[in-house]
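# Working through the structure, step by step
Here's the letter readout for the chains.
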Amino acid sequence: MNRKSPPVAAPAVDPAIAPANGVTRKGQPLSFNRAPAADLAPWIGRFYVTVVAAPDDYALQCGLLNDTSCIRIQLRGDWTAQTRDGGIAVGRSALFFGPNTRRMPIGVKGPFSSVGVVLRPGACHALFRIAVPDLVDRITPIETVGLASEKSLGLFTPDASPEDWCVAMEEALRAMIARQGGHEPDPVTARFEAAALADPAILVADFVEQSGIEQRRLERIVRRDFGITPKHVLRRARALDMASHLRGVADEAEAETLALRYYDQSHLIREFTAMFGMSPRQFINTPQPLMTLSLENRQSRRLEMSERIAPGGLRPWQ
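Attention in this report is confined to the structure presented alongside it. Since the structure is predicted, the reported quantities are computational estimates derived from the model, not experimental observations. (Residues numbered from 1 in each chain as written. Predicted model: local features only at pLDDT ≥ 70, side-chain atom pairs only at ≥ 80, totals over all residues. Heavy atoms only, no water.)

### So, the nonpolar core
Short version of the rule: To qualify as a nonpolar core, a set must consist of buried Ala, Val, Leu, Ile, Met, Phe, Trp, Tyr and Cys residues joined through side-chain atoms within 4.5 Å. Per-residue accessibility, obtained with a 1.4 Å probe over protein chains only, is compared with the maximum for each type, and a residue is labelled buried under 20%, exposed over 50%, and partly exposed between these values. Helix and strand definitions here come from DSSP, where helices need a minimum of 4 consecutive H or I residues and strands a minimum of 2 consecutive E residues; each element is numbered from the N-terminal end. Two residues qualify as a contact provided that any one of their heavy atoms is within 4.5 Å of a heavy atom in the partner residue.
Counting residues in each nonpolar core, the largest one holds 40 residues, and the members touching the most others are I106, F272, F276, F283 and L290. Going through the elements one at a time, β4 (59-64), β5 (70-83), β7 (93-97), β8 (104-119), α7 (230-246), α9 (265-276), α10 (280-285) and α11 (289-305) are the ones with two or more residues in this core. Apart from residues no more than four positions distant in its own chain, F272 is found in contact with A239, M242, A243, L246, G277, M278, S279, P280 and F283. Core analysis: the next-biggest nonpolar cluster, separate from the first, contains 31 residues, C124, L127, I142 and W165 among them.

Structure, rendered in structure tokens:
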């Protein structure tokens, strides 16, 4: 097999933006992001706060590829997106993003700020009996997950710190989860989520054997809680890990391992292009600030969950 290491050139940087939380060693933007309080961990994967300065007339075109549903409180910026339902344009708003099957084009004009909550797979079904497949590649009002738009937007005092904003969101979510009865996601979903983060090269058949679960049952649960098939979950996870490496927000010690998840270079290019709409080389050469912020958030969570870094500890790309 012709397995080559993925490209390692420094990824392109957008010089027009200035993230409040600084940049990586390779100049990529960073958000403030952290794990949730322990009592919220069954439902919540991560919190983040992004504050970015930019010229008022600057229009950024980028994209997102999220492997979980997310709550996004857009506090500043004029946003556009191309969703499964067509194009949308919003300003200050509180939104629910379903998981993505492929890159979703996202744009924003001017400086922007947002507070985000990464929901763990299974949380939507456990709390609301929501059919996640119906929400894939869609953006809906935050009322989808039992929160009120105006009340959510009012949680955030402009001069408060990112940590203050995260704590305010935690309190709102804690109350919402209690109202919904506090039902936790299926343990099978949690195990498959952990497997996809730790080693998405695992075969579905091997996971079935290790877990002692019937494959049909696994496929039914994963489709219900992730919105897609187990194979697609693992395929997307491999692509997201590779994308993180290409943007310089991954542990560089993993580079060879990431490359070995693909049969050869053509397999990598084909799979990556199907997910991101561009080749790995184009992905490196095109500034991807919004995508990079999302990838860095996911990699931070991934490394903390695998206990490769301490919660809140220094990350390899910092």
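The structure having been displayed, the exposition proceeds.
### Some thoughts on empty space enclosed by the protein
Here is the rule: Using a grid of 1 Å spacing that covers the protein atoms alone, one calls a set of points a cavity when a 1.4 Å probe fits there but cannot get out, and a pocket when the set is open and has protein on both sides within 12 Å along at least five of seven lines; lining residues are those with an atom within 4 Å of a point. Grid points are joined across faces, edges and corners, and a volume is the space filled by probe spheres set on the points. Residue polarity is assigned by list, with Asp, Glu, Lys and Arg as charged and Ala, Val, Leu, Ile, Met, Phe, Trp, Tyr, Cys and Pro as nonpolar; anything else, Gly included, falls into the polar class.
Under the defined criterion, the tally for this structure stands at six cavities of 30 Å³ or more. Empty space within the largest cavity amounts to approximately 400 Å³. Y48, L64, N66, R72 and S294 are, among the 32 residues lining the largest cavity, the residues nearest its centre. Among the secondary structure elements, those contributing two or more residues to the lining of the largest cavity are β3 (44-53), β5, β6 (86-90), β7, β8 and α11. Top element by residues in the lining of the largest cavity is α11. It accounts for seven residues. Here the residues of the lining of the largest cavity are counted per class, giving 17 nonpolar, nine polar and six charged. Roughly 110 Å³ of volume is contained in the second largest cavity. Residue lining of the second largest cavity: D67, T68, P121, E193, A196, L197, F226, V233, R236, A237, R298 and R301, and that is the complete set. Of all the elements in the fold, those that place two or more residues in the lining of the second largest cavity are α4 (187-198), α7 and α11.

### Re the environment of R223
Mapped onto the fold, R223 is located in helix α6 (residues 215-226). On a C-alpha basis, the gap between R223 and V132 in space is 8.0 Å, while along the polypeptide they are 91 residues apart. When near neighbours in sequence (up to four residues on either side) are disregarded, R223 contacts P133 and I228.

### Observations regarding unusual backbone geometry
With phi around 60 degrees, D137 is a residue other than glycine that occupies positive phi space. Position of D137 among the secondary structure elements: in the loop between α1 (123-128) and β9 (139-141). Looking at D137, the relative accessible area reads 14%, which means it is buried. Backbone geometry places E307, a non-glycine residue, at a positive phi of 60 degrees.

### So, the environment of P230
The topology assignment puts P230 in helix α7. When the C-alpha positions of P230 and L218 are compared, they lie 7.9 Å apart, and in sequence the two are 12 residues distant. Those residues in contact with P230 that sit more than four places away from it in its chain are F192, V204, L218, E219 and V222.

### Quick word on the packing of α4 against α6
Note the cut-off: To define axes, lines are fitted to C-alpha atoms, for helices over the stretch in contact only, and angles between the resulting N-to-C directions are given on a 0 to 180 degree scale. Here roughly perpendicular refers to angles of 65 to 115 degrees, roughly parallel to angles under 35, roughly antiparallel to angles over 145, and oblique to all remaining angles.
Running from N to C, α4 and α6 point in directions that differ by 80 degrees, and their axes come no closer than 10 Å. With respect to α6, the axis of α4 lies roughly perpendicular. Across the interface between the two elements, V188, T189, F192 and E193 of α4 pack against R217, L218, I221, V222, R224, D225 and F226 of α6.

### Here's the deal with the layout of surface pockets
The gaps left among the atoms become clear once a water-sized probe is rolled over them. Each pocket or cavity is described by its volume, and for the largest pocket that value is around 320 Å³. Surrounding the largest pocket, 13 residues form its lining, A201, L203, R238, R261 and Y263 being those nearest its centre. Examining the composition of the lining of the largest pocket, we find that three residues originate from one element, α7, more than from any other. Here the residues of the lining of the largest pocket sort into eight nonpolar, one polar and four charged. By volume, the second largest pocket is sized at about 210 Å³. Among the secondary structure elements, those contributing two or more residues to the lining of the second largest pocket are β3, β5 and α3 (162-179). A per-class count over the lining of the second largest pocket returns nine nonpolar, two polar and two charged.

### Considering α11
Test applied: Multiplying 1.5 Å by the residue count of a helix minus one yields the expected span of that helix.
Counted at 1.5 Å a residue, the expected span for α11 with its 17 residues is 24 Å, and the 24 Å between its end C-alpha atoms agrees. Extensive coverage of α11 is indicated by the burial of 16 of its 17 residues. Two residues or fewer after α11 comes E307, characterised by a positive phi angle close to 60 degrees.

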